[in-house]
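# Secondary and tertiary structure notes
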There are 2 protein chains.
Amino acid sequence: MKHYGGQPSSTGGMKRAPLQEGWELSPNDPTGPRFRIEDIYPCVDGGRYPIKHIAGESVEIWADIFREGHDVLRADLVWRAEKANDWHREPMAQFGNDRWRGRFTPPQPGWYLFAIEAWTDQYGTWRKEFLLKQEAGQDVMLTAREGCDLLVELMPDAREPRLVVEAAANKFAETHDPVHLLDGALTAAIEKSDARPDLTRSHVVPLLAERARARAGAWYEMVPRSQGSVPGRHGTFEDCIARIPEIADLGFDVIYFPPIHPIGHTNRKGKNNALKAAPGDPGSFYAIGNENGGHDAIHSELGTFEDFRRLNDVCRQHGMEIALDFAVQCSPDHPWLKQHPEWFKTRPDGTFKFAENPPKKYEDIVNPDFTCADRIALWEALRDVILFWCEQGVRIFRVDNPHTKPLPFWEWMTREVRKRYPDTIFLAEAFTRPKLMNALAKLGFSQSYSYFTWRTTKDEIQEYLTEITSHPARDYFRPNFFVTTPDILPVQLQTGEPWMFKSRAALAATLSSNYGIYNGFELIEHDPVPGREEYFNSEKYEIRTRDWNKPGNIKNYLKQLNMVRRQNAALLQTNNLRFLQIDNGNVTGFLKESVSHDNAVAVAIALAGSQQEFWLHFGGEEIGPPSKRGGVRAIENLVTGERHMLEWGGVRLRIDPAKDPALLFRCHA
Amino acid sequence: MKHYGGQPSSTGGMKRAPLQEGWELSPNDPTGPRFRIEDIYPCVDGGRYPIKHIAGESVEIWADIFREGHDVLRADLVWRAEKANDWHREPMAQFGNDRWRGRFTPPQPGWYLFAIEAWTDQYGTWRKEFLLKQEAGQDVMLTAREGCDLLVELMPDAREPRLVVEAAANKFAETHDPVHLLDGALTAAIEKSDARPDLTRSHVVPLLAERARARAGAWYEMVPRSQGSVPGRHGTFEDCIARIPEIADLGFDVIYFPPIHPIGHTNRKGKNNALKAAPGDPGSFYAIGNENGGHDAIHSELGTFEDFRRLNDVCRQHGMEIALDFAVQCSPDHPWLKQHPEWFKTRPDGTFKFAENPPKKYEDIVNPDFTCADRIALWEALRDVILFWCEQGVRIFRVDNPHTKPLPFWEWMTREVRKRYPDTIFLAEAFTRPKLMNALAKLGFSQSYSYFTWRTTKDEIQEYLTEITSHPARDYFRPNFFVTTPDILPVQLQTGEPWMFKSRAALAATLSSNYGIYNGFELIEHDPVPGREEYFNSEKYEIRTRDWNKPGNIKNYLKQLNMVRRQNAALLQTNNLRFLQIDNGNVTGFLKESVSHDNAVAVAIALAGSQQEFWLHFGGEEIGPPSKRGGVRAIENLVTGERHMLEWGGVRLRIDPAKDPALLFRCHA
């Protein structure tokens with residue numbers, strides 16, 4: 001990789017046209033950009049949104065690059081960190097049919113820009129044509145003189161290459177022998193020439209580089225006030241700290257806390273979402289703010305900032321990170337209502353307008369008005385909440401209901417935060433229409449909640465996963481498959497069958513490199529509000545205590561899944577998914593391979609509780625590095641170590657869901 | 001359709017944000033455009049190139065339009081002729097899943113622009129929520145007061161609607177009865193309000209509207225000097241005129257002449273492309289220019305400008321048009337070499353650089369240097385050639401080898417010409433790589449030569465046609481299927497079997513709404529230069545005379561094809577193509593339906609010379625207007641009138657290629 005300076009080039013020995021953007025027809029000089037640079041891939045919505053990538057990994061960029069005629073063309077991929085001045089450049093190579101490719105590696109998390117520059121290799125063109133004429137036995141003396149003139153015209157400014165070119169021209173002038181114009185050193189020397197009169201630059205494409213945790217992580221959602229061991233007593237950060245070793249041992253990477261802020265009193269909700277709280281009811285932690293503070297305060301019964309920092313430290317020591325909830329809503333007692341009443345809508349009777357989705361009312365919550373006259377101050381205050389928690393050491397934020405707040409806010413806020421803390425990860429909790437979910441993913445959320453919860457049949461799973469792992473979604477949408485959330489106890493888990501809990505966990509943990517459970521899942525908690533996909537006695541409205549080692553728990557199963565994930569880089573990606581053929585509608589199977597091609601995993605998971613027999617077929621799927629890519633020949637069970645040789649490209653398998661609904665194999669070529 | 005004024009709106013009763021472009025994140029006010037307007041269809045390369053359409057026909061525009069939340073949204077399709085000041089607007093309707101559609105009709109040929117505007121229907125949102133609360137039995141008095149306040153805020157400027165809104169607000173103030181706020185007239189009145197604070201406009205998409213001839217025409221290529229009847233005598237425009245009634249009777253729409261300009265003497269080519277012409281050899285008409293003039297002159301042996309105008313008039317009288325060749329190359333005797341030597345490259349010995357594609361040389365031709373210092377004057381002179389012939393009444397230009405001249409030239413030139421003569425049609429004769437052919441089609445060529453000539457098997461035909469009639473090509477690429485050209489006598493025609501000539505003509509005339517033959521095709525001329533796809537004794541280098549009624553000619557066959565085309569609008573489009581299932585690899589079959597849904601044609605064509613039997617299956621294909629769309633139930637032979645009822649969605653047919661390799665049917669639902 002070499003630096004090229006802030007602008008594509010200075011003026012060389014030749015008259016040089018101004019830099020021409022590939023997408024603009026110049027209004028003054030009709031002789032616009034000579035090259036077409038089209039169909040750049042990856043690229044989201046023509047460059048309107050960034051492609052997503054992992055810092056430190058090389059990204060391959062493709063484009064159609066061409067101009068008229070048959071001249072020899074050259075192209076560079078130019079790139080820089082958004083805030084840097086200098087472009088780096090990497091040569092691109094033609095792949096075929098006017099399609100070119102190049103690659104670069106964004107070194108650190110942050111925003112990057114890249115573009116493609118193309119120009120005519122005038123010397124290369126002359127050289128090619130000269131050799132063709134010479135081979136055909138034509139008189140090439142005049143052509144040789146043209147070549148010499150061209151070398152002089154293209155004379156590089158830098159000393160070393162200039163000497164090479166001058167020497168060649170001088171030797172030719174002395175001897176009239178064209179061989180001096182064909183010297184191999186000339187090609188490299190002329191590359192340094194700045195004379196690129198038809199240099200054309202493509203439009204610029206943004207890239208958001210994130211750290212690996214953005215792409216892969218096992219999340220454990222934990223309600224801190226329920227982590228205590230004494231029934232009825234409010235759990236504390238201290239109680240959370242006590243649980244960290246256990247959760248770390250289960251192999252989770254991220255501990256996600258719903259809001260930890262002071263809870264409002266006015267119109268506080270009671271148990272099971274009752275409109276009126278009973279005395280002593282703790283209220284919903286989504287009714288944020290009271291006399292003790294708002295989004296930048298901690299609910300006093302949980303502990304102090306010092307306790308929180310200690311919790312954070314203990315998590316880090318155990319290789320885990322905290323994710324905090326960012327819910328843009330205020331209880332009627334939130335300090336902002338007094339400090340900034342102009343940020344909230346008032347009604348004709350002077351009261352604040354509480355949240356509603358008619359005819360539903362949420363009287364314990366008031367929403368800030370993102371379009372109020374003082375909106376810039378409001379937006380900045382909300383951004384500052386995130387920055388505040390960043391300063392406390394938090395780098396992962398799960399954002400509540402972003403689809404009900406203006407999209408421009410999220411685009412602006414996530415950019416603002418990443419300018420200061422480029423390693424910040426944002427997860428969008430938007431269970432809404434697909435276009436809106438995609439828009440949130442495009443504009444800057446690292447990860448997104450998904451429809452996985454409601455995809456249960458083989459067809460549903462394969463169709464949905466194919467959609468989100470294919471172009472265009474694969475370049476911007478990273479799912480995080482939660483099997484449950486405090487809001488969602490899906491129908492398939494309401495009967496409480498352990499095999500189904502395991503099957504859903506295995507699907508989530510292997511289909512998606514980001515997945516999560518909500519505490520209690522490991523204990524097979526499954527009591528719904530009748531007729532709804534909600535938990536009965538939800539800890540959103542009360543304090544729970546649990547026996548975390550209750551008999552029948554599936555902690556060991558989850559631990560095993562997380563261990564297999566950590567040991568197999570193939571599972572730490574999502575869009576490397578390839579479904580495999582299985583002759584059984586109750587079993588889904590797929591193959592994943594790591595970026596570096598040194599790890600490939602095949603998975604088969606039962607979707608029904610009875611014993612399943614089936615052929616797992618690998619078809620024409622190949623694995624391994626480009627140099628020795630080939631079909632799968634053997635698979636090795638990652639849990640039992642059992643090895644199967646493939647027959648006719650497949651293998652006969654049996655799953656007993658009562659024992660384990662998932663088979664996980666390492667593949668060998 | 002109503003006019004809305006030059007800008008989207010003036011300021012209404014409410015504070016109004018400046019117009020926000022959907023694709024820009026505002027740097028000053030982070031509270032940028034509220035709406036996302038995405039995936040506009042049709043749209044070529046994000047709006048970089050125009051979509052192609054036919055003037056007078058309505059075009060349907062689709063887009064994803066959404067913002068956060070659940071408010072009631074509105075959207076308009078705004079459009080104007082590129083040079084007009086005022087935008088027209090048409091309401092868009094939601095189709096489902098955040099996808100909206102609207103339509104407009106560009107009235108005349110020319111460039112148009114369209115965009116999409118979206119805004120929140122604040123009154124509609126209030127109304128919806130009010131009714132939901134009222135239905136749920138909630139106290140709605142405060143909500144009603146909010147509605148009244150909103151009406152006042154949204155007060156339209158125009159008198160009529162203002163009176164409606166004022167009356168409603170006043171009645172509510174008097175009676176406190178919300179019914180006055182729900183009056184149906186209010187919805188229409190509030191539509192006139194300019195208060196659209198979150199109005200967002202999409203990026204602008206260009207559209208090139210052309211006349212119907214750009215989409216459909218039967219072309220007859222005719223070498224004028226070979227239209228005489230006395231062997232050895234140079235044909236004239238007078239001879240051409242004599243042939244017009246016959247060609248018109250055959251049903252052709254366009255008569256295309258290769259260059260009609262003076263022919264150079266220097267290095268003139270002889271018969272069969274001999275390097276040296278014999279005395280009396282007429283030379284290649286592609287070596288343009290001599291002492292009598294260049295691109296704006298007529299070869300004197302053909303006749304005068306008055307003769308040309310008469311020829312043009314006679315063509316018009318017979319419902320035909322002339323297409324002229326535009327070949328940007330000069331004989332060494334072209335006047336420009338003396339007048340503008342700076343437009344041409346010279347070699348170190350002072351000579352002009354003749355055309356070459358090493359090791360091939362074209363010594364009878366010198367190419368202008370499109371990148372010379374005086375290029376603007378050169379480009380303008382070339383444009384002026386086209387304008388000159390436009391002034392002579394020509395509106396169709398077949399452009400020779402555009403892929404060897406800079407793409408920006410064609411983009412600029414076609415736009416320049418269409419500004420003055422918006423009904424000009426350009427056909428690109430570029431037999432080159434696919435990306436380059438597509439680029440020429442995108443940047444402004446109405447039609448393109450194609451790979452049809454080399455697509456002969458069923459698979460090849462179906463694959464190629466599917467490619468060019470599918471997204472994205474369908475929105476910009478219009479093929480013109482030539483069965484032969486002066487340069488190309490394809491292998492499949494070299495044995496001279498009449499059934500093959502008929503089969504190829506039927507394929508060209510029915511697969512593509514633009515198709516053409518080169519004179520002699522109707523006489524089954526088929527002598528190649530051995531081992532090449534070129535004509536022996538090509539009239540590119542000599543004068544020919546023919547008996548146009550030679551026995552064995554297929555003129556009646558072509559006449560019948562052209563008649564069926566004219567009588568069936570379904571065949572006057574290309575991208576309405578739907579292939580049908582046929583259980584015979586030697587027969588291809590397809591269905592086409594007209595824009596207005598009142599004509600549907602099914603076609604089956606034999607690709608082998610022996611008798612073919614097969615089932616033609618219509619599968620699930622439906623025809624007819626949206627209101628009563630249904631499967632095909634019967635088909636009627638367009639030549640014999642024979643009628644077949646479909647059995648099980650198909651029909652058993654037989655083709656005897658010796659009689660007619662094509663079956664053409666009108667379909668009945």
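Okay, so let's go over this structure. (Residues numbered from 1 in each chain as written. Chains lettered and ligands numbered in written order. Predicted model: local features only at pLDDT ≥ 70, side-chain atom pairs only at ≥ 80, totals over all residues. Heavy atoms only, no water.)

## Some words on the overall build of chain A
- A tally of regular secondary structure across chain A gives 13 helices and 33 strands.
- Once the C-alpha set of chain A is aligned to its principal axes, its extents read approximately 105 × 70 × 45 Å.
- Taken across its 669 residues, chain A has 60% of its residues classed as buried.
- Only carbon and sulfur atoms are counted for the fraction: they give 50% of the accessible area of chain A, which is about 25900 Å².
- Where the 81 positive side-chain charges of chain A centre and where its 91 negative ones centre are 2 Å apart. (Helix = DSSP H or I, 4+ residues; strand = E, 2+ residues; numbered from the N terminus. Buried < 20%, exposed > 50% of the residue type's maximum accessible area, 1.4 Å probe, protein only. Areas by Shrake-Rupley, 256 points an atom, 1.4 Å probe, with all protein chains shown as cover. Lys, Arg positive; Asp, Glu negative; His and termini not counted. Charge placed at Lys NZ, Arg CZ, Asp CG, Glu CD.)

## Section: the environment of alanine 323 of chain A
All names here are of chain A.
- Along the chain, alanine 323 falls in strand S15 (residues 321-326).
- As a C-alpha pair, alanine 323 and isoleucine 396 span 73 residues in sequence and 4.5 Å in three-dimensional space.
- Apart from residues lying up to four places away in sequence, alanine 323 is in contact with Trp219, Val254, Ile255, Tyr256, Phe257 and Ile396. (Contact = heavy atoms within 4.5 Å.)

## Quick notes on the pattern of salt bridges
- Summed over the entire model, instances satisfying the criterion amount to 117 salt bridges over all chains.
- Close ionic contact of glutamate 60 of chain A with arginine 103 of chain A constitutes a salt bridge, the shortest N to O distance being 2.9 Å. On the criterion of sequence distance, the pair formed by glutamate 60 of chain A in strand S5 (residues 59-66) and arginine 103 of chain A in strand S9 (residues 99-104) is long-range, its members being 43 residues apart.
- A residue is classified by how much of its surface remains accessible, and glutamate 60 of chain A, at 28% relative accessible area, is partly exposed.
- Taking the shortest distance from any N to any O, the salt bridge between arginine 418 of chain B and glutamate 210 of chain B comes out at 3.2 Å. Pair noted here: arginine 418 of chain B is in helix H9 (residues 407-420) and glutamate 210 of chain B is in strand S12 (residues 205-210), with a separation of 208 residues, a long-range link.
- One salt-bridge network, in which partners are shared between bridges, spans Arg34, Arg67, Glu68, Asp71 and Asp198 of chain A. (Salt bridge = Lys/Arg side-chain N within 4 Å of Asp/Glu carboxyl O.)

## Describing the sheet that holds strand S20 (residues 447-448) of chain B
Residue and element names in this part refer to chain B.
- What the eight strands build is an open sheet, ordered S20-S19-S18-S15-S14-S13-S22-S21; its pairing is parallel. Of all strands in the sheet, those bounded by a partner on one side alone are S20 and strand S21 (480-482).
- H9 rests against strand S15 (321-326), strand S18 (396-400) and strand S19 (425-429) of the sheet, and its axis sits at about 160° to S19. (Pairing = 2+ DSSP bridges. Axes fitted to C-alpha atoms, helices over the stretch in contact; angles between N-to-C directions.)

## Some words on helix H5 (residues 237-249) of chain B
Residues and elements named next belong to chain B.
- Between its terminal C-alpha atoms H5 stretches 19 Å, which fits the 18 Å expected from 13 residues at 1.5 Å a residue.
- Along H5, the largest kink reaches about 40° and is centred on arginine 243; proline proline 245 follows within four residues of it.
- Taken together, the buried positions of H5 are Phe237, Asp239, Cys240, Ile241, Arg243, Ile244, Ile247 and Ala248.
- Against the buried residues of H5 lie strand S13 (217-221), strand S14 (254-257) and helix H6 (305-317).
- Positive backbone phi, at 95°, marks glycine 251, one or two positions downstream of H5. (Expected span 1.5 Å × (residues − 1). Bend = angle between axes of the 7 residues up to and from the residue.)

## Quick look at the relation of the copies chain B and chain A
- The transformation that overlays chain B on chain A combines an axial shift of 0.0 Å with a rotation of 180°, and the residual RMSD is 0.0 Å. Put plainly, the chains are arranged around a two-fold axis. Using C-alpha coordinates, one finds that chain B approaches the rotation axis most closely at glycine 46 of chain B, a distance of 3.2 Å.
- A shared binding surface is used by both copies, with 100% of the interface residues of chain B retained as interface residues in chain A. (Least-squares fit on C-alpha atoms with pLDDT ≥ 70 in both.)

## Observations concerning the interface of chain B and chain A
- At the interface, 64 residues of chain B touch 64 residues of chain A.
- Taken together, both faces of the contact between chain B and chain A bury some 6000 Å²; the carbon and sulfur share is 55%.
- For the chain B face of the interface with chain A, the top three residues by lost area are Arg36, Pro348 and Lys435 of chain B, together amounting to 11%.
- Viewed at the interface, chain A and chain B are joined by 14 salt bridges.
- A salt bridge links glutamate 146 of chain A to lysine 353 of chain B; the shortest N-O distance between them is 3.7 Å.
- Inspection of the chain B/chain A interface yields 28 residue pairs in polar contact (both at pLDDT 80 or more). (Buried area = accessible area lost by both parts, 1.4 Å probe. Polar contact = N/O pair within 3.5 Å; in protein donor to acceptor, adjacent residues only side chain to side chain.)

## Quick notes on the packing of helix H2 (residues 141-153) of chain B against helix H3 (residues 159-175) of chain B
All names here are of chain B.
- It is at 9 Å that the axes of H2 and H3 come closest, and there the two elements cross at 150°. Comparing their axes, H3 and H2 come out roughly antiparallel. For the element pair H2 and H3, the recorded crossing hand is left-handed. Here H2 contributes Met141, Ala144, Arg145, Cys148, Leu151 and Val152 to the contact with H3, which in turn contributes Val165, Ala169 and Phe172. (Parallel < 35°, antiparallel > 145°, perpendicular 65-115°, else oblique. Left-handed = near helix turned anticlockwise from the far one by under 90°.)

## What about the side chain of serine 193 of chain A?
All names here are of chain A.
- Position of serine 193 relative to the elements: it lies in the loop between helix H4 (184-191) and strand S11 (200-201).
- Assessed through its relative accessible area of 3%, serine 193 is described here as buried.
- Of note is the side chain of serine 193, whose polar atom sits 2.7 Å from the backbone oxygen of leucine 154.
- In this structure, serine 193 is in contact with Leu154 and Pro156, ignoring residues within four places of it in sequence.

## What to know about the packing of aromatic side chains
- All told, the structure shown has 72 aromatic pairs over all chains when counted by the stated rule.
- Ring geometry for phenylalanine 252 of chain B against tyrosine 515 of chain B: centres 6.4 Å apart, planes inclined by 35°, an arrangement best described as tilted. With phenylalanine 252 of chain B in the loop between H5 and S14 and tyrosine 515 of chain B in strand S22 (residues 514-518), this residue pair connects regions lying 263 residues apart in the sequence.
- On the accessibility criterion, phenylalanine 252 of chain B (0% relative accessible area) is buried.
- Through successive ring pairs, a cluster of aromatic residues spans Phe326, Phe370, Trp379, Phe397, Phe409, Trp410, Trp412, Phe426 and Phe445 of chain A.
- Over the aromatic face of tryptophan 87 of chain A sits the side chain of arginine 201 of chain A, whose NZ or CZ is 4.8 Å from the ring centroid.
- Here the basic side chain of arginine 415 of chain A rests over the ring of tryptophan 111 of chain A, its NZ or CZ set 4.1 Å away from the ring centre. (Phe/Tyr/Trp six-rings, centres within 6.5 Å; stacked < 30°, edge-to-face > 60°. Lys NZ or Arg CZ within 6 Å of the ring centre and 35° of its normal.)

## Re the pairing of S9 of chain A
Residues and elements named next belong to chain A.
- Across six bridges, the pairing between S5 and S9 is antiparallel. Each bridged residue has a counterpart across the sheet, and for tryptophan 62 the counterpart in S9 is arginine 101.
- Remark: two residues form the turn of the hairpin made by strand S8 (residues 93-96) and S9, two consecutive strands paired antiparallel; asparagine 97 in that turn has positive phi of roughly 50°.

## A look at the sheet that holds strand S9 (residues 99-104) of chain B
All names here are of chain B.
- One open sheet holds the four strands; their spatial order is S3-S5-S9-S8, and the pairing between them is antiparallel. Both edges of this open sheet fall to strand S3 (36-41) and strand S8 (93-96), since each of them pairs with a single strand only. Each strand axis lies, on average, 35° off the axis of its neighbour in the sheet, ignoring direction.
- Where S8 lies against S9, three bridges are found, and the strand directions are antiparallel.

## Describing the side chain of lysine 405 of chain A
- As for its position among the elements, lysine 405 of chain A is in the loop between strand S18 (396-400) and helix H9 (407-420).
- A polar side-chain atom of lysine 405 of chain A sits 3.0 Å from a polar atom in the side chain of threonine 404 of chain A.
- Setting aside residues up to four positions removed in sequence, lysine 405 of chain A forms contacts with Val328, Phe370, Asp400 and Trp410 of chain A together with Glu68 of chain B.

## Quick look at the pairing of strand S7 (residues 88-91) of chain A
Residues and elements named next belong to chain A.
- In the sheet, strand S6 (residues 73-81) pairs with S7 via four bridges, with the strands oriented antiparallel. Bridge pairing links tryptophan 79 to histidine 88 in S7.
- Between the end of S6 and the start of S7, which pair antiparallel, lie six residues.

## Overview of unusual backbone geometry
- Residue proline 472 of chain A is bonded to the preceding histidine 471 of chain A through a cis peptide linkage, with omega at 5°.
- With respect to the secondary-structure elements, proline 472 of chain A resides in the loop between helix H11 (458-469) and strand S21 (481-482).
- Put simply, proline 358 of chain B and proline 359 of chain B share a cis peptide bond, and its omega is 5°.
- Mapped onto the secondary structure, proline 359 of chain B falls in the loop between strand S16 (354-357) and strand S17 (360-366).
- Phi angles above zero are rare outside glycine, and aspartate 45 of chain A is one such case at about 50°.
- In this structure, aspartate 45 of chain A sits in the loop between strand S3 (36-41) and strand S4 (51-54).
- Assessed through its relative accessible area of 26%, aspartate 45 of chain A is described here as partly exposed.
- Its identity is not glycine, yet asparagine 537 of chain A carries a phi of approximately 55°, on the positive side.
- Checked against the element boundaries, asparagine 537 of chain A lands in the loop between strand S22 (514-518) and helix H13 (555-567).
- On the accessibility criterion, asparagine 537 of chain A (27% relative accessible area) is partly exposed.

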